[in-house]
Amino acid sequence: MTQFDKRNISMVMDLYEMTMANGYFNENSFEEKVTFDVFYRKNPDGGGFAIFAGLQQIIEYLTNLKFETEDIDYLRSLNIFSEKFLDYLKTYRFKGDLYAFPEGTVIYPEEPIITVTAPLLDAQLIETAILSQINHQSLIATKTRRIVKAAAGRSVSDFGARRAHNMDAAVYGARAAYIGGADSTATVMAGQLFGIPVSGTMAHSWVMYHENELEAFKKYAETYPDSSLFLIDTYDVIHSGVPNAVKAAREVLIPKGKRLKGVRLDSGDLAYLSKKVRKLLDAEGFEDCKIIASNSLDEYTISSIIRQGGMIDSFGVGERLITAKSDPVFGCVYKIAAVEKNGKSIPKIKLSENQEKITNPGRKKVFRIYNENGQAVADLITKADEELDLSAPYRYVDPKEPWRIRYFENCTAKELQVPVMKDGKVTGDQPALTEIRDFVKKQLEDEIWQEEQRFENPHRHYLDFSPSYYEMKMSLLNESRNASRDKD
């Protein structure tokens, strides 16, 4: 079951993609091969890395991309497209190649996460769809990983659906949160679509509807004896919530041989209250009862609660996770890197007054470089036709300090991009969501430096160039500058 079972979202694109496609079609250049790269320029929240998510939805989009009769009729009503172009769209299918990092890869700025090599028209039409998926899911996966790290082994659940920007953001945000390390979601549709464990308890309205708090807890326990978890802050946590939770457990659950699974705090000083609640529960013989906390949590509030000795076993994180509130823009872009002419790939570079917006041109390979202990020391960009040999010291160029002579020694490498689609057809099976989630965890535990995982002033992961690639980029920059001067 996918998002395409009920609807066709092929028209999720910017108008300029369609107007350019029409222009290419009319000038008969629409089948010329081009290469576009997808990359981003900075990590969210000033972090040391990001997590790549959303690839599966991109593949689904490209596989199902088509234009229905009502789509053609709408485009015709705009009075800006040729009839021949609209006829072409009636049988259109994506015919390009897609290369991508495996979903769940730890990623860094300026490296091509996805490369599209396709006919010009095909490559142009898909920009918005690709970027919207990566920008959203990678942002939420990255934010969730920060929250999970702050929780320091305690369970984290996505509680964010009602604060998400819309229903799709809730569902696919839950998917991304699971990739980032959340253990469960409260969003039922995400559980149904993706097999994510679902979790939830009661609302304050349940407690307020019943005659009193004790009755509310007892009714809930009678209905859910195997999973009773009471919300104890509707009236008074210490003087009402905990005593009534204990009494309901003793009167309803224990006679059935059941235990109270947990209590939830959703307001107040969570560090202070959780310590008081833990002491009260333990004194009543409920040492196994878990304490769950929610209420505008993020990595900073969770870290603070834990530093203060808060006795919380699980965190339900909502609005600040699902909206990535502290830094809600991921910033992936889609830029042309090469044009194929007479069977030869011609690199293209975008210049800018801002140095960080100058693109890395041409078709290329991206390698992750590991030291002899298996830790990732850098990523390396080479030209697409280069062979990387690390059997001897390998000279590389740091583009931020190109004057220094540096070598990789006793290192190994893994090429990061893998073929995902060929001629519009999917190549191979996609990993299960649990595999993607485990992949993220393994990288962060075994490969990525802890110094890169700090919240404050993380170590910068190096993105280096092969000498040949660096020379090619500098040559293109000089040619472009000279051409600009000639025009002046």
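Every residue gets a number counted from 1 within its own chain, in the order that chain's sequence is written. Note on the predicted model: pLDDT of at least 70 is required for a residue's local features to be given, and 80 or more for side-chain atom pairs to be given and counted; whole-chain, interface and lining totals, by contrast, use all residues. Water and hydrogen atoms were dropped before computing side-chain values, which therefore reflect all heavy atoms in the structure.

Considerations on empty space enclosed by the protein
Then comes step 1: Using a 1 Å grid laid over the protein atoms alone, points where a 1.4 Å probe fits but cannot get out form a cavity; open sets with protein on both sides within 12 Å along at least 5 of 7 lines form a pocket; any residue with an atom within 4 Å of a point counts as lining. Grid points are joined across faces, edges and corners, and a volume is the space filled by probe spheres set on the points. Enumeration according to the criterion identifies three cavities of 30 Å³ or more in this entry.
Then comes step 2: Taken as a whole, the largest cavity spans an internal volume of roughly 80 Å³.
Then comes step 3: In terms of lining residues, the largest cavity is bounded by Pro44, Gly47, Gly48, Phe49, Thr142, Arg145, Arg146, Lys149, Glu452, Gln453, Arg454 and Phe455.
Then comes step 4: Amino acid classes used here: Ala, Val, Leu, Ile, Met, Phe, Trp, Tyr, Cys and Pro are nonpolar; Asp, Glu, Lys and Arg are charged; the rest, including Gly, are polar. Per-class residue counts for the lining of the largest cavity are three nonpolar, four polar and five charged.

Focus: the side chain of serine 29
Then comes step 1: Relative to the helices and strands, serine 29 resides in the loop between helix 1 (15-26) and strand 1 (33-39).
Then comes step 2: Residues in contact with serine 29, not counting those within four places in the same chain, are Tyr24 and Leu120. Only runs of H or I of at least four residues qualify as helices and only runs of E of at least two qualify as strands under DSSP, and these elements are numbered from the N terminus. Contacts: residue pairs with any heavy atoms within 4.5 Å of one another.

Some remarks on helix 12 (residues 270-283)
Then comes step 1: Helix span, as expected, comes to 1.5 Å for every residue beyond the first. The first and last C-alpha atoms of helix 12 sit 20 Å apart over 14 residues, in line with the 20 Å expected at 1.5 Å per residue.
Then comes step 2: Each residue gets one of three labels from its accessible area relative to the maximum for its type: buried under 20%, exposed over 50%, partly exposed in between, using a 1.4 Å probe on protein chains only. Taken together, the buried positions of helix 12 are occupied by Leu270, Ala271, Leu273, Ser274, Val277, Arg278 and Leu281. All buried residues of helix 12 lie within an arc of 160° about the axis, which places them on one face of the element. More than 90 degrees from the buried face of helix 12, the exposed residues found are Lys279 and Ala283.
Then comes step 3: Turning to helix 12, the residues buried within the fold contact helix 11 (237-253), strand 9 (262-265), strand 10 (290-293) and helix 13 (299-307).
Then comes step 4: The opening residue of helix 12 is aspartate 269, an N-cap whose side-chain oxygen sits 3.3 Å from the backbone nitrogen of alanine 271.
Then comes step 5: Downstream of helix 12 by one or two residues, glycine 285 has phi in the positive range, about 85°. This arc corresponds to the set of directions leading from the helix axis out to the C-beta atoms. Any pair of nitrogen or oxygen atoms within 3.5 Å is treated as a polar contact; in protein, a donor-acceptor pairing is required on top of that, and neighbouring residues in sequence qualify only through side-chain atoms on both sides.

Considering unusual backbone geometry
Then comes step 1: Located in the positive-phi region is asparagine 295, a residue other than glycine, with phi close to 105°.
Then comes step 2: Even without being a glycine, asparagine 342 presents a positive backbone phi close to 50°.
Then comes step 3: Relative to the helices and strands, asparagine 342 resides in the loop between strand 12 (333-341) and strand 13 (344-347).
Then comes step 4: Classification of asparagine 342 as exposed rests on a relative accessible area of 84%.

Here's the deal with the nonpolar core
Then comes step 1: We call a set of buried residues a nonpolar core when its members are Ala, Val, Leu, Ile, Met, Phe, Trp, Tyr or Cys and they connect through side-chain atoms within 4.5 Å of each other. In terms of nonpolar packing, the biggest core is built from 141 residues, with Leu89, Leu98, Ile114, Val116, Phe230, Ile232 and Val277 touching the most fellow members.
Then comes step 2: For this core, the leading source of residues is helix 6 (residues 127-151), giving 11 residues.
Then comes step 3: Discounting residues that sit within four places of it in the chain, phenylalanine 230 has contacts with Met202, Phe217, Tyr220, Ala221, Ala245, Ala248, Leu260, Gly262, Val263 and Arg264.
Then comes step 4: One finds Ile369, Leu390, Tyr396 and Cys411 within the second-largest nonpolar core, a separate group that totals nine residues.

Let's talk about helix 1
Then comes step 1: With 12 residues, helix 1 ought to run about 16 Å at 1.5 Å a step, and its terminal C-alpha atoms sit 17 Å apart, in line with that.
Then comes step 2: Every buried residue belonging to helix 1 is among Glu17, Met18, Ala21, Asn22, Tyr24 and Phe25, and all of these are buried. Buried residues along helix 1 cover an arc of 165° about the axis, so they all sit on one side.
Then comes step 3: Lining the buried residues of helix 1 we find helix 3 (69-77), helix 4 (83-89), helix 5 (120-125) and helix 6.
Then comes step 4: With its phi angle positive at about 65°, asparagine 28 sits one or two positions after the end of helix 1.

A short note on the packing of helix 6 against helix 13
Then comes step 1: Interaxial angle, 0 to 180 degrees, is taken between N-to-C directions of lines fitted to C-alpha atoms, where a helix line uses only the stretch in contact. Put simply, helix 6 and helix 13 touch, their axes get as near as 8 Å, and they point 0° apart. As the angle between them shows, helix 6 and helix 13 are arranged roughly parallel. Listed contacts from helix 13 to Lys143, Arg146, Ile147, Ala150 and Ala151 of helix 6 are Glu299, Tyr300, Ile302, Ser303 and Ile306.
Then comes step 2: When the residues that make up the contact of helix 6 with helix 13 are grouped by side-chain class, the tally is six nonpolar, one polar and three charged. Under this scheme an angle from 65 to 115 degrees is roughly perpendicular, one under 35 degrees roughly parallel, and one over 145 degrees roughly antiparallel; angles in between are oblique.

Comments concerning the sheet that holds strand 15 (residues 376-383)
Then comes step 1: At least two DSSP bridges between two strands are required for those strands to pair. With mixed pairing, four strands are arranged side by side in an open sheet as 18-14-15-21. Each edge of the open sheet carries a strand with a single partner, namely strand 18 (412-415) and strand 21 (462-465). This sheet shows a mean twist of 30° between the axes of neighbouring strands, independent of strand direction.
Then comes step 2: Pairing of strand 14 (residues 364-370) with strand 15 involves seven bridges; the strand directions are antiparallel. Following the sheet pairing, isoleucine 369 is matched in strand 15 by alanine 378.

Comments concerning the packing of helix 7 (residues 167-180) against helix 15 (residues 433-446)
Then comes step 1: One can describe the packing of helix 7 onto helix 15 by two numbers: an axis separation of 7 Å at closest approach and a directional angle of 45°. On the basis of the axis angle, helix 7 is oblique to helix 15. Across the interface between the two elements, Arg175, Tyr178 and Ile179 of helix 7 pack against Leu433, Thr434, Ile436, Arg437 and Val440 of helix 15.

Examining the pattern of salt bridges
Then comes step 1: When a carboxyl oxygen of Asp or Glu is within 4 Å of a side-chain nitrogen of Lys or Arg, the pair counts as a salt bridge. Counted under the stated rule, the structure contains 30 salt bridges.
Then comes step 2: The residue arginine 259 makes a salt bridge to aspartate 288 at a minimum N-O spacing of 2.9 Å. With a gap of 29 residues between them, arginine 259 in the loop between helix 11 and strand 9 and aspartate 288 in the loop between helix 12 and strand 10 connect regions that are remote in the sequence.
Then comes step 3: Between aspartate 313 and arginine 278 there is a salt bridge, with its nearest N and O atoms 3.8 Å apart. With aspartate 313 in the loop between helix 13 and strand 11 (314-317) and arginine 278 in helix 12, this residue pair connects regions lying 35 residues apart in the sequence.
Then comes step 4: Taken together, the salt bridges that share partners define one network made up of Asp45, Lys143, Arg146 and Glu299.

Here we look at the sheet that holds strand 20 (residues 425-426)
Then comes step 1: Taken together, the seven strands give an open sheet; going across it, the order is 13-12-1-5-3-19-20, and neighbouring strands pair in antiparallel fashion. Since the sheet does not close on itself, it has two edges, and those belong to strand 13 and strand 20, each with one partner.
Then comes step 2: Alignment of strand 3 (residues 97-100) against strand 5 (residues 114-119), held across four bridges, turns out to be antiparallel. Each bridged residue has a counterpart across the sheet, and for alanine 100 the counterpart in strand 5 is isoleucine 114.
Then comes step 3: Against the sheet, helix 2 (residues 55-64) contacts strand 3, strand 5, strand 19 (418-422) and strand 20, and its axis sits at roughly 180° relative to strand 3.

This is a description of form; function is not addressed.
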